[in-house]
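# Structure at a glance
Residues per chain, in single letters:
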Amino acid sequence: MNKIALVTGASAGIGEACALKLAENGFDLIIAGRRKKNLDNLAGKIKDTHKTEVLSLCLDVRNFEEVEKTIDSLPSEWKNIDLLVNNAGLAVGVSPIEQGVVDDWDRMIDTNVKGLLYVTRCISPLMAERKKGLIVNISSIAGKEAYPGGNVYCGTKHAVEAITKGMRIDLLPHNIRVSSIAPGMVETEFSIVRFKGDEDKAEKVYEGFEPLKAEDIADSLLFIATRPEHVSINDILIMPSAQASARDVNRK
Ligand code: NDP
Ligand code: 8X3
């Protein structure tokens, strides 16, 4: 029987790459996100290419009732989740704090912090019952540093870092490992979302240097997920070679 992984935010970017990498390495996949079409395409690709089982969950992680109902109604064989990847997240806007857009703040806090908590609240008891599991939270360099205009996004990722540490302590008696991956700049839809659809501004973020690819993060995830059970990789900080800190980038 294959191990089962649930990846949130699997409809694009890092989450999609993680789902594909895990399928390639024999995991059955529960893929979650809001865009059904993207999930359907990914499910088709996984089934055709890797022959592992896939279940799609159309889910907004900001809605606790929806998350709880969806996880509760999983077929029993799919409730044996071995690996949860809390990846769904976003940055919206780059306004300085005194000009901040409250709706942008709410979207980031509700998704990156509350959404991660809601999913964890529903999955961790299932793992605790089986006395095994691995949870990987996708943090960011923004969880280690602050930068101009990053205010609330950085706040949410600092929260992810603190919550990860707290989760590791609380879940220790249940034999559940908790890890965090903090990437620097990865070229995905992330900046298009941050600049609210402005593709020119988004492209400029990655101009003149080679950013990380979503697959690089998937490789880190696979490394964590394939360690023997007595090994916990608590924290990976992974950067493009051309990026030394949140905003020090060696552009050509
Ligand atoms: P993308 O925009 O490419 O992907 C984001 C994913 O999150 C999508 O699948 C999206 O799916 C999902 N998502 C967003 N909001 C919700 C929601 N309310 N409910 C469910 N799913 C949601 O960005 P990335 O792949 O780059 O981002 C993935 C994670 O990596 C995020 O947590 C981000 O903060 C983090 N990160 C990204 C970095 C980067 O430079 N790209 C660097 C460091 C960390 P859908 O819209 O279908 O719901
Ligand atoms: C995404 C990378 O540098 O925009 O977390 O914060 S950054």
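As a reminder, the structure under discussion sits directly above these lines.
Definitions and cut-offs
Residues numbered from 1 in each chain as written. Chains lettered and ligands numbered in written order. Predicted model: local features only at pLDDT ≥ 70, side-chain atom pairs only at ≥ 80, totals over all residues. Heavy atoms only, no water. Helix = DSSP H or I, 4+ residues; strand = E, 2+ residues; numbered from the N terminus. Near = heavy atom within 4 Å. Polar contact = N/O pair within 3.5 Å; in protein donor to acceptor, adjacent residues only side chain to side chain. Areas by Shrake-Rupley, 256 points an atom, 1.4 Å probe, with all protein chains shown as cover. 1 Å grid on protein atoms, 1.4 Å probe; cavity = no way out; pocket = protein on both sides within 12 Å on 5 of 7 lines; lining within 4 Å. Sits in = over half its atoms within 2 Å of the grid points. Nonpolar A, V, L, I, M, F, W, Y, C, P; charged D, E, K, R; others polar. Buried < 20%, exposed > 50% of the residue type's maximum accessible area, 1.4 Å probe, protein only. Contact = heavy atoms within 4.5 Å. Phe/Tyr/Trp six-rings, centres within 6.5 Å; stacked < 30°, edge-to-face > 60°. Lys NZ or Arg CZ within 6 Å of the ring centre and 35° of its normal. Points joined across faces, edges and corners; volume = space filled by probe spheres on them.

Here we come to unusual backbone geometry. A positive phi angle, close to 60 degrees, is found at lysine 51, a residue other than glycine. When you line up the elements, lysine 51 lands in the loop between α2 (36-50) and β3 (54-58).

If you check the shell around ligand 2, you find Ser140, Ile141, Ala142, Tyr147, Tyr153, Phe190, Arg194 and Arg247 and nothing else. Within the side chain of tyrosine 153, an N or O atom sits 2.6 Å from an oxygen atom of ligand 2. Protein burial of ligand 2: of its 240 Å² of free accessible surface, 91% is covered by the chains. In this structure, ligand 2 is accommodated by the largest pocket. Along the lines of polarity and charge, the residues of the shell around ligand 2 split into 5 nonpolar, 1 polar and 2 charged.

Attention now moves to the side chain of aspartate 60. Along the chain, the position of aspartate 60 falls in the loop between β3 and α3 (64-72). Residue aspartate 60 is classed as buried on the basis of its relative accessible area of 17%. In contact with aspartate 60, other than residues within four places in its own chain, are Arg34, Glu66 and Val67.

Another point: the packing of aromatic side chains. Taken as a whole and judged by the stated rule, the model has 2 aromatic pairs. The positively charged end of arginine 247 is found above the aromatic ring belonging to tyrosine 147, 3.8 Å away from the centroid.

Moving on to the layout of surface pockets. The volume enclosed by the largest pocket comes to roughly 1100 Å³. For the largest pocket, the lining is made up of 48 residues, of which Gly89, Leu90, Thr188, Glu189 and Phe190 are closest to its centre. Only α1 (13-24), β2 (28-33), α4 (102-130), α5 (151-170) and α6 (190-194) provide two or more residues apiece to the lining of the largest pocket. Take the lining of the largest pocket: its biggest share by element is 4 residues, from α6. Tallied by class, the residues present in the lining of the largest pocket amount to 24 nonpolar, 14 polar and 10 charged. The space that makes up the second largest pocket amounts to roughly 340 Å³. Every residue lining the second largest pocket is counted, 18 residues in all, and those nearest its centre are Gly133, Leu134, Asn175, Arg177 and Glu229.

Our next topic: the site of ligand 1. Within the structure, ligand 1 sits among 29 residues, and Ser11, Arg34, Asn87, Tyr153 and Thr188 are positioned closest to it. Contact between ligand 1 and tyrosine 153: an oxygen atom at 2.7 Å from a side-chain N or O atom of the residue. For ligand 1, whose free accessible area comes to 880 Å², the fraction covered by protein is 96%. Mapped by element, the contributors of at least two residues to the shell around ligand 1 are α1 and α5. For the shell around ligand 1, the per-class residue count stands at 12 nonpolar, 11 polar and 6 charged.

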